[in-house]
Amino acid sequence: MAIKFNQVTYRYESANNDFYDAISDISLSIEDKGEFITLIGETGSGKSTLVQHMNALIHPSEGEVLIYGIKVNKNTKKDKKEKLNPLRQKVGLVFQFPEYQLFEETVERDIIFGPKNFGMSEVQAKAIAKEVIVQVGLDESYLLRSPFNLSGGEKKRVSIAGILAMNPDILVLDEPTSGLDPKGRDDLLNLFLSIHEKLNKTVIIITHDMNIVYKYAKRVLVMNNSRLVFDGEPSVLFKKKNIEEWNLDLPDMLELQYNLENELGIKFSKNPNNIEDFLTEIKGAK
Amino acid sequence: MSIIKIEDLTFSYNEDTEVLKNVNLEINKGEWVSILGHNGSGKSTLSKLIIGLLKASSGKITVDGELLNYDTVHSIRRKIGIVFQNPDNQFVGVTVEDDIAFGMENLGIERNEMISKIQEFSKKVNMIDYLNKAPHELSGGQKQRVAIAGILAMGTDIIIFDEATSMLDPKGRDSVLSFIKELKNQGITIITITHEMKEALYSDRIVILKEGKVIADGTAVDVLQDKKTLNSSNLELLLPLKLIYHMQEQNIENKEIEEILWQLSLIK
Ligand SMILES: Nc1ncnc2c1ncn2[C@@H]1O[C@H](COP(=O)(O)OP(=O)(O)OP(=O)(O)O)[C@@H](O)[C@H]1O
Ligand SMILES: Nc1ncnc2c1ncn2[C@@H]1O[C@H](COP(=O)(O)OP(=O)(O)OP(=O)(O)O)[C@@H](O)[C@H]1O
Ligand SMILES: [Mg+2]
Ligand SMILES: [Mg+2]
């Protein structure tokens, strides 16, 4: 087991001295191999706060998180660099806002920052930068540009490239597809899927897109009001009545299935996974 | 009657590359236009040119009868509200309340009216309990909702939403779409920049940018069927339409199902 949350609560203290438990009493375990997880739930439910515990960026106010055997709780010193730094390489986190991650003069310097920090030579890191920039759908000419003078979707891609360059065991991506064009979204999801399948790595994706949950996830976590309210398979989640109450909706495929079943008075033999499945059902309905 | 007229607009951030190339576009008063296109196609740049945050290399922009230039830029900005792609770029104040007030202050809206509008619009986007919080203490989607409230409260005749719902949960997104419909019914002119085909379907008209050029401009229903153009611009077909095209390619004939899929793809 790579990451284990034991009854974790995280309390923000606001400028005006309010306290707010952004996540409350969370317990869950994540394997370092073979998981493809989506984390979903309404705006402000605690998703970003939850994942920032996974590489010890923030520490629990109550409870503890075990990350590769290292215990992190409220007594863990923030300055324990030598202890916590290796975790940042094992668990790579892409922030919701790429702007929080981009700070160097060029895209190349941003991408090589992580690998160099973890001991890679500059030459080697630059070679990797050339590979990952293409993987995220940009060409090498972007390496010499300023990360600040890019479009929203281009920034997002660069922030993802930075994590890929670190080659972490677990990839945690906070809304990696928001702001991407549809082809970019599919290409990057397929890239994450191939990293997951070929290298057997665990991927955790925060998203509001139910199609991603339906198509890619083996396991889905739902946050609602600071609490983990669901941890299981997508097919089970989408059968539940609470979907609306949790501010979620149905993936397009299921919506279309139910609509066709209603309109045609038929019953699909199984939930469709692709266009071919729909065509099979339609041929059968003749 | 056109409220925004863009003629032969060309723009570059630096000499070597033109980001927008000879763009011509006329938007009518009360129309809802979606602007789609691949990452880096020039959508946000175009919106910044319309409100005079960037200056065209050549070409003309006319807003509500006024030609955009140094003398008219202030008057034109009073007519257009823009929700930026990154809500952080919209925040200047110490609290959420300051930020919702900011746009109204610039318009010189009277204090009492401002206070009631802050209440009205923070409630509308479900952020009334957060008025005293600092903007950096909000989640991503909460920031987007505050940014939207600040612009709606300004009550301008034209509103541009630059991917303003990209981090909202499905229910939040639906409710913003229904505000936009309300605005449209009130005669407000709307431009939405989006990557969501389902969202674009609600608009009257779709313009697609590709590498800085307008490559499609038509009714939403027409453009969303244009498989070739969508594919070449990194966009996608709505699922029911995609299914119709697959049926046709594989010669699966079933008029009844095709008809139903048509209806389903156009449900808003
Ligand atoms: N620095 C902070 N200080 C105080 N409260 C905060 C802070 N950061 C977040 N919060 C609050 O904690 C809650 C959870 O925030 P979080 O960013 O984890 O939500 P989220 O599920 O990622 O939401 P979204 O989908 O909108 O990104 C929110 O209600 C937010 O207002
Ligand atoms: N400040 C800047 N300086 C130089 N080039 C820029 C700047 N901002 C954007 N660009 C470039 O201009 C082009 C258009 O950018 P723009 O932000 O308008 O794209 P967009 O269509 O909004 O993309 P996205 O869907 O990713 O938001 C991109 O290739 C981008 O790299
Ligand atoms: Mg978040
Ligand atoms: Mg943009």
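Residues numbered from 1 in each chain as written. Chains lettered and ligands numbered in written order. Predicted model: local features only at pLDDT ≥ 70, side-chain atom pairs only at ≥ 80, totals over all residues. Heavy atoms only, no water.

## Some remarks on the overall build of chain A
In terms of regular secondary structure, chain A is built from ten helices and ten strands. Counting only C-alpha atoms, chain A reaches 65 × 45 × 35 Å along its principal axes. Looking at the 286 residues of chain A, the share that counts as buried comes to 55%. Look at the contacts in chain A between residues 6 or more apart in sequence, and 62% of them connect residues 24 or more apart. Carbon and sulfur atoms provide 47% of the accessible area of chain A, an area that totals close to 12,600 Å². Each charge sign in chain A was given a centre, from 36 positive and 42 negative side chains, and these centres are 5 Å apart. (Helix = DSSP H or I, 4+ residues; strand = E, 2+ residues; numbered from the N terminus. Buried < 20%, exposed > 50% of the residue type's maximum accessible area, 1.4 Å probe, protein only. Contact = heavy atoms within 4.5 Å. Areas by Shrake-Rupley, 256 points an atom, 1.4 Å probe, with all protein chains shown as cover. Lys, Arg positive; Asp, Glu negative; His and termini not counted. Charge placed at Lys NZ, Arg CZ, Asp CG, Glu CD.)

## Quick word on the sheet that holds strand E8 (residues 189-193) of chain B
Residues and elements named next belong to chain B. Pairing is mixed in the open sheet, where six strands are placed in the order E6-E7-E8-E3-E9-E10. Unpaired on one side and paired on the other, strand E6 (80-83) and strand E10 (213-219) mark the two borders of the sheet. Recorded for the sheet is a direction-independent mean angle of 15° between the axes of neighbouring strands. Pairing of E6 with strand E7 (residues 158-162), which is carried by four bridges, proceeds in the parallel orientation. By the bridge assignment, Val83 is partnered in E7 with Phe161. (Pairing = 2+ DSSP bridges. Axes fitted to C-alpha atoms, helices over the stretch in contact; angles between N-to-C directions.)

## Comments concerning the coordination of the magnesium ion (ligand 4)
Of the protein atoms, only Ser44 of chain B (OG) and Gln85 of chain B (OE1) coordinate the magnesium ion (ligand 4), at distances of 2.0 to 2.2 Å. Within this pair, whereas Ser44 of chain B is found in helix H1 (residues 43-50), its partner Gln85 of chain B is found in the loop between E6 and helix H3 (96-106), the two being separated by 41 residues in sequence. (Donors = N, O, S within 2.8 Å, 3.2 Å for Na, K, Ca; no water.)

## A look at the domain arrangement of chain B
Residue and element names in this part refer to chain B. For chain B, the domain assignment lists domain 1 (1-79 + 157-169 + 182-219) and domain 2 (89-155). The interface of domain 1 with domain 2 comprises twelve residues on the first partner and eleven residues on the second. Looking at the side of domain 1 facing domain 2, the largest losses of area belong to Arg78, Met167 and Leu168, adding up to 47% of the total buried there. When the shortest N-O distance is used, the salt bridge between Lys124 and Glu182 registers 3.0 Å. (Domains from an automatic or database assignment. Buried area = accessible area lost by both parts, 1.4 Å probe. Salt bridge = Lys/Arg side-chain N within 4 Å of Asp/Glu carboxyl O.)

## Describing the domain arrangement of chain A
All names here are of chain A. Taken domain by domain, chain A comprises domain 1 (3-250) and domain 2 (251-286). Its C-alpha centre places domain 1 at a distance of 34 Å from the equivalent point of domain 2. Tallying the contact residues gives six residues for domain 1 and nine residues for domain 2. Considering only the side of domain 1, the residues that lose the most area to domain 2 are Asn211, Tyr214 and Leu250, jointly responsible for 82% of the buried surface there. Across the domain 1-domain 2 interface, the total number found is zero salt bridges. Joining domain 1 to domain 2, the criterion identifies two residue pairs in polar contact (both at pLDDT 80 or more). (Polar contact = N/O pair within 3.5 Å; in protein donor to acceptor, adjacent residues only side chain to side chain.)

## Quick notes on the packing of aromatic side chains
For the structure shown, the criterion picks out seven aromatic pairs over all chains. A ring pair is formed by Tyr214 of chain A and Phe238 of chain A, whose centres lie 6.4 Å apart and whose planes are at 65°; its orientation type is edge-to-face. Of this pair, Tyr214 of chain A sits in helix H7 (residues 210-216) while Phe238 of chain A is found in the loop between helix H8 (234-237) and helix H9 (252-264), placing the two residues 24 residues apart along the sequence. Of the two residues, Tyr214 of chain A and Phe238 of chain A, both sit in the buried class. For the ring pair Phe11 of chain B and Tyr13 of chain B, a centre distance of 4.8 Å and an interplane angle of 85° mean the geometry is edge-to-face. Here the guanidinium or amino end of Lys90 of chain A rests over the ring plane of Tyr68 of chain A, the centre of that ring lying 4.8 Å away. (Phe/Tyr/Trp six-rings, centres within 6.5 Å; stacked < 30°, edge-to-face > 60°. Lys NZ or Arg CZ within 6 Å of the ring centre and 35° of its normal.)

## Some points on the site of ligand 1
Taken together, 22 residues are adjacent to ligand 1, and Lys47 and Thr49 of chain A together with Ser139, Gly141 and Gln142 of chain B come closest. Chains contributing residues to the immediate surroundings of ligand 1 are chains A and B. Contacts to ligand 1 include Glu137 of chain B, whose backbone N or O atom sits 3.1 Å from a nitrogen atom. In the complex, 93% of the free accessible area of ligand 1, which totals 640 Å², lies under the protein chains. Only strand E2 (19-30) and helix H1 (47-51) of chain A together with helix H5 (140-154) of chain B provide two or more residues apiece to the shell around ligand 1. Tallied by class, the residues present in the shell around ligand 1 amount to four nonpolar, 13 polar and five charged. (Near = heavy atom within 4 Å. Nonpolar A, V, L, I, M, F, W, Y, C, P; charged D, E, K, R; others polar.)

## Some words on the interface of chain B and chain A
Residue-level contacts link 45 residues of chain B with 44 residues of chain A. Both faces combined, the contact of chain B with chain A buries some 3,800 Å², and carbon together with sulfur accounts for 59% of it. For the pair chain B and chain A, the interface holds two salt bridges. One salt bridge in this structure joins Arg185 of chain A and Glu236 of chain B, with 2.8 Å as the shortest N-O distance. Across the chain B-chain A interface, the total number found is 18 residue pairs in polar contact (both at pLDDT 80 or more).

## Overview of unusual backbone geometry
Residues and elements named next belong to chain B. Positive phi is not limited to glycine here, since Asn22 has a value of about 45°. Classification of Asn22 by relative accessible area gives partly exposed; the value is 46%. Of note, Glu163 is a non-glycine position whose phi angle comes to about 50°, a positive value. Along the polypeptide, Glu163 turns up in the loop between E7 and helix H6 (170-185). Glu163 gets classed as buried once you look at its relative accessible area, which sits at 8%.

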